[in-house]
Amino acid sequence: MKPPTLSHCAVVPRRLKQLTLTAAAALALALALAATAAAPPLVDIGTLGGSYSYPTFLNNSGQVVGSSTVAGDGEYRPFFWDPVTGMQAMPASGTVFNYPAALNDSGLVAGSLYDNNTGENRIYVWSAATGLTDLGLSPGGQLTLNNAGQVAGNTYLAAGNFHAFIWDAAGGLRDLGTLGGLNSSVQGMNASGQVVGDSDRADGSSALFIWDAANGLREIPLTGVDSGSAYVSVI
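Source: prediction; values computed, not measured.

A. Up close: the overall build of the chain. Within the chain, the regular secondary structure consists of one helix and 16 strands. In the chain, the share of contacts with a sequence separation of at least 24, taken over all contacts with a separation of at least 6, comes to 29%. Looking at the chain as shown, the accessible area adds up to about 13,600 Å², and 58% of this sits on carbon and sulfur atoms.

Quick look at the structure:
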């Protein structure tokens, strides 16, 4: 039998093996400690007096909007939870139902209130600091909210058609209008307050639009695409 050569086997000193294993164990421990340090603690945010609570929105400030049962578990109410101040009930009652639709990183909430007695449905914004502001609009679908405190969405008009709108505390309410037709609707809004969506033209066809405060509503030109089936987003 031919004796082995160094190309066929290798001898590892015992001391080197021990150092290698020690280094590997130290690395594994460091990774485990890093993972433990990075994982946030689990927080029970409580309820509004009942047995159950469910989150709907979570922002980058760690604030939560959701719904919770009240004492007796016979009814759900919307809540706002903050890591410092804890949970508080948002405006609602046994006959007025609150439907939060968006939460920004400043703790501003946009949604709609429905009065079961009158059938009235209104869009609102709310924060723990300023309370509820009724925008006086009937919701017509999507609501979107950015970190500048601007709310964009759709509202039904008295004639039964609907228009896209934008609102903020400084500028108030602005009807974005249409591209000549009856209806317009929002599909998205970015951090700068630019709004995109779709609108009817005067001839009844549909087109995509972009809106900003400086230039107003403008059609987004499309080539070789059926604008009636297109969707647009803004970043």
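B. Region of interest: the pattern of salt bridges. Taken as a whole and judged by the stated rule, the model has six salt bridges. In this structure, a network of salt bridges that share partners links the residues Glu 120, Arg 122 and Asp 134.

C. Geometry of the pairing of strand 7 (residues 121–127). Across the seven residues that make up strand 7, a large majority, five, are buried. Two elements, strand 6 (residues 109–115) and strand 7, share six bridges in a ladder whose sense is antiparallel. Within strand 7, the residue paired with Val 109 across the bridge is Trp 126. Connecting the antiparallel pair strand 6 and strand 7 is a turn made up of five residues, with Gly 119 showing a positive phi of about 80°. The sheet contact formed by strand 7 and strand 8 (residues 131–134) spans four bridges and is antiparallel. For Trp 126, the partnering residue across the bridge sits in strand 8 and is Leu 132. Hairpin connection of strand 7 to strand 8: three residues between the antiparallel strands.

D. View of the packing of aromatic side chains. One pass over the structure, following the stated rule, counts three aromatic pairs. Where Tyr 156 meets Phe 162, the ring centres are 5.8 Å apart and the plane angle is 75°; that geometry is what we call edge-to-face. For Phe 162, a relative accessible area of 27% puts it in the partly exposed group.

Basis of the calculations
Each chain has its residues counted from 1, following the order in which its sequence is written. Selection of residues for local features in this predicted model requires a pLDDT of at least 70, selection of side-chain atom pairs for listing and counting requires 80 or more, and totals for whole chains, interfaces and linings are taken over all residues. Note that water and hydrogens are dropped before the side-chain values are worked out from all heavy atoms of the structure. Only DSSP runs of H or I covering at least 4 residues are called helices, and only runs of E covering at least 2 are called strands; the numbering of each starts at the N terminus. Throughout, a contact is declared for two residues whenever any of their heavy atoms are within 4.5 Å. The Shrake-Rupley method, run with a 1.4 Å probe, gives the accessible areas here. Residue values count only the displayed protein chains as cover. Counted as salt bridges are all cases of a side-chain nitrogen of Lys or Arg within 4 Å of a carboxyl oxygen of Asp or Glu. Only protein chains enter the calculation, and the probe is 1.4 Å; a residue is then buried if its accessible area is under 20% of its type maximum, exposed if over 50%, and partly exposed in between. Here, a strand pair is defined by DSSP locating no fewer than two bridges between the strands. When two rings of Phe, Tyr or Trp (its six-membered ring) have centres within 6.5 Å they constitute a pair, described as stacked for plane angles under 30 degrees, edge-to-face for angles over 60, and tilted for the intermediate range.

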